[in-house]
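Summary of structural features
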Amino acid sequence: MDYSKSGNPKGARSTLRGPDHAQKGAPKSVTPPRETKEELLARMKAAAAAAKKDPKA
């Protein structure tokens with residue numbers, strides 16, 4: 001039996017990726033700024049107050 005022909009086929013090894021893939025000079029992705037602890041607490045307090053005011057929502 002020829003065991004080299006068994007199993008899944010090998011994937012293409014030298015396929016070209018699209019023109020957008022890691023081009024030199026491409027703009028870097030910017031992560032959004034993190035929320036500070038004070039902003040987080042204010043948002044949580046506002047959500048708790050809204051939930052207390054309207055318990056069905």
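Our subject is the structure listed above.
My aim in this report is to walk through the structure given alongside it, one point at a time. (Residues numbered from 1 in each chain as written. Predicted model: local features only at pLDDT ≥ 70, side-chain atom pairs only at ≥ 80, totals over all residues. Heavy atoms only, no water.)

1. With respect to the overall build of the protein chain
Formally: Where helices and strands are cited, they refer to DSSP runs of H or I of at least four residues and of E of at least two residues respectively, numbered from the N terminus. Partly exposed residues are those whose accessible area sits between 20% and 50% of the maximum for their type, while under 20% is buried and over 50% is exposed, using a 1.4 Å probe and protein chains only. For accessible areas, the Shrake-Rupley method is used with a probe of radius 1.4 Å. Any residue's cover is judged against the shown protein chains and nothing else.
Counting its secondary structure elements, the protein chain contains one helix and zero strands. Residues classed as buried in the protein chain amount to 0% of the 57 residues present. Roughly 6,400 Å² of accessible area belongs to the protein chain as shown, and the carbon and sulfur atoms make up 57% of that amount.

2. Let's talk about a nonpolar patch on the surface
Convention followed: Without a salt bridge and with relative accessible area above 30%, a residue can belong to a patch; like charges are then joined within 9 Å and nonpolar side chains (Val, Leu, Ile, Met, Phe, Trp, Tyr) within 5 Å. By salt bridge we mean one thing: a side-chain nitrogen of Lys or Arg within 4 Å of a carboxyl oxygen of Asp or Glu.
Side chains of Leu 40, Leu 41 and Met 44 sit close together on the surface and give an oily, nonpolar patch of about 260 Å² of accessible area. Tracing the chain through its elements places Leu 41 in helix 1 (residues 37-53). On the basis of relative accessibility, which here comes to 41%, the residue Leu 41 falls in the partly exposed class.

3. Focus: the pattern of salt bridges
Summed over the entire model, instances satisfying the criterion amount to one salt bridge. Residues Arg 43 and Glu 35 are paired through a salt bridge, measuring 3.0 Å at the closest nitrogen-oxygen approach. Residue classification places Arg 43 among the partly exposed residues on the basis of a relative accessible area of 47%.

On their own, these measurements won't tell you what the molecule is for.
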